[in-house]
Amino acid sequence: MEEIILALKYLFLGIVQGFTEPIPVSSSGHLVLIQHYLGIEVSGMSFELLVNSASLIAVLLIYREDIWRLAHNGILYVTKKEESYKSDFRFIIYLIVATIPAAIIGLLFEDYIAEKLKGVVTIAIALLITGAALWSIRNLKGRKNDNDLSLKDAFLIGLSQAVALIPGISRSGATIVTAMALGTKQETALRFSFLLFIPVSLGGMILSFTDILNDPQLSTLALPYTLAFFGSLIMSYFSLRWFMNIMAKGNLIYFSIYCFIVGGFVLLFH
């Protein structure tokens, strides 16, 4: 019975992480809060890396056509220098530039963030900040599309992604808010945000792959980890599809209100 309960707990955490990863409410913050209030203890980084990998697969599935187009046209531009492929090649460069801040800060401060910034009060404050940021762009209607982005835009969006390493600061929220504040259309902000998620998540997965293999609990938690992985994968896929529809309708304000409610509740009752 204890094994079944443990498996269900991990499945629940995987579902929560998968649902909250794409939407601007901070999946990492929600995982910490749920573990705190429900008394579910997950030690080590293996679980978080596993469910993040599941979310990555969901993003790859949804944006597979964009990824293929960028890769195909980027290679053709490098090999043939055809101007028609230049915009996609430039978009790739911007994604690389935007990846750098989070990669550097993550490598330098990963341990500090894990040890010092995962308290419930810190997460509550960060959620309030996320809510305020989402509120600030609730009425923005940008004009920039993929071809109008600049290196400056890419770098600033990358910096916002680095800030989102703090649990409670939503990665998708931070990057989308920054992109829209810089004048991009909602569709472009959304696409750039989730294509930007791919290299950072993939890099973290590769660098930490040995941590998963060397996890002393890996054999005993094989079933709970498997359930959490597939729970996260399925929920990430449908959550991102749902969020794309929300973005198309310009209803980010609902996520802002949600962050205010959760952040305020945690501060009042922690």
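As shown above, the structure is provided for reference.
## Comments concerning the packing of aromatic side chains
Logical step 1: Within the structure shown, the criterion is met by 13 aromatic pairs.
Logical step 2: Residues Tyr10 and Phe47 carry aromatic rings whose centres are separated by 5.4 Å and whose planes lie at 80° to one another, so their mutual orientation is edge-to-face. Of this pair, Tyr10 sits in helix α1 (residues 2–20) while Phe47 is found in helix α3 (residues 46–62), placing the two residues 37 residues apart along the sequence. Per residue, the accessibility class of Tyr10 equals that of Phe47, and both read buried.
Logical step 3: With 5.3 Å between their ring centres and 90° between their planes, Phe229 and Phe230 make a pair best called edge-to-face.
Logical step 4: The exposure class assigned to Phe229 is buried, which follows from its relative accessible area of 17%.
Logical step 5: With relative accessibility at 45%, the residue Phe230 sits in the partly exposed group.
Logical step 6: By way of ring pairs, the aromatic residues Phe19, Tyr63, Phe194, Trp242, Phe243 and Phe255 are connected into one cluster.
Logical step 7: Above the plane of the ring of Phe194 lies Arg171, whose end atom (NZ or CZ) is 5.5 Å from the centre.

## Points about the packing of helix α2 (residues 27–38) against helix α12 (residues 253–269)
Logical step 1: Relative to each other, α2 and α12 sit at 35°, their axes nearing to 13 Å. Crossing of α2 over α12 shows left-handed handedness. Of α12, the residues touching α2 (which contributes His30, Leu33 and Tyr37) are Tyr258, Val262, Val266 and Phe269.

## A short note on the environment of Ser84
Logical step 1: Note on placement: Ser84 falls in the loop between α4 (64–80) and α5 (86–116).
Logical step 2: On the basis of relative accessibility, which here comes to 55%, the residue Ser84 falls in the exposed class.

## Overview of the packing of α1 against α3
Logical step 1: In contact at an axis separation of 10 Å, α1 and α3 are set at 50° when each is read in the N-to-C sense. As far as their axial angle goes, α3 and α1 are oblique. You can see that α1 and α3 cross each other, and the crossing is right-handed. Residue-level contacts link Tyr10, Leu13, Gly14, Gln17 and Gly18 of α1 to Phe47, Val51, Asn52 and Ser55 of α3.
Logical step 2: Residues that form the contact of α1 with α3 fall into these classes: 4 nonpolar, 5 polar and no charged.

## Focus: α3
Logical step 1: Here α3 is 17 residues long and its end C-alpha atoms lie 25 Å apart, about the 24 Å a rise of 1.5 Å per residue gives.
Logical step 2: Of all 17 residues in α3, 12 are buried; the element is thus mostly enclosed.
Logical step 3: When we look at burial in α3, the residues that qualify are Ser46, Phe47, Leu49, Leu50, Val51, Ser53, Ala54, Ser55, Leu56, Ala58, Val59 and Ile62.

## Topic: the pattern of salt bridges
Logical step 1: Counting across every chain of the model gives 6 salt bridges.
Logical step 2: Of the charged contacts in the structure, one is a salt bridge between Glu48 and Lys118, with a shortest N-O distance of 3.2 Å. Of the two residues, Glu48 sits in helix α3 while Lys118 sits in the loop between α5 and α6 (120–136), which places them 70 residues apart along the sequence.
Logical step 3: With a relative accessible area of 27%, Lys118 lands in the partly exposed category.
Logical step 4: Measuring nitrogen to oxygen at the nearest pair gives 2.9 Å for the salt bridge that ties Asp153 to Lys144.
Logical step 5: Looking at Asp153, the relative accessible area reads 4%, which means it is buried.
Logical step 6: What you see here is one network of salt bridges that share partners, running through Asp66, Arg69 and Asp88.

About the thresholds
- Residues numbered from 1 in each chain as written.
- Predicted model: local features only at pLDDT ≥ 70, side-chain atom pairs only at ≥ 80, totals over all residues.
- Heavy atoms only, no water.
- Phe/Tyr/Trp six-rings, centres within 6.5 Å; stacked < 30°, edge-to-face > 60°.
- Helix = DSSP H or I, 4+ residues; strand = E, 2+ residues; numbered from the N terminus.
- Buried < 20%, exposed > 50% of the residue type's maximum accessible area, 1.4 Å probe, protein only.
- Lys NZ or Arg CZ within 6 Å of the ring centre and 35° of its normal.
- Axes fitted to C-alpha atoms, helices over the stretch in contact; angles between N-to-C directions.
- Left-handed = near helix turned anticlockwise from the far one by under 90°.
- Contact = heavy atoms within 4.5 Å.
- Parallel < 35°, antiparallel > 145°, perpendicular 65-115°, else oblique.
- Nonpolar A, V, L, I, M, F, W, Y, C, P; charged D, E, K, R; others polar.
- Expected span 1.5 Å × (residues − 1).
- Salt bridge = Lys/Arg side-chain N within 4 Å of Asp/Glu carboxyl O.

Remember, this is a structural readout, not a statement about activity or role.
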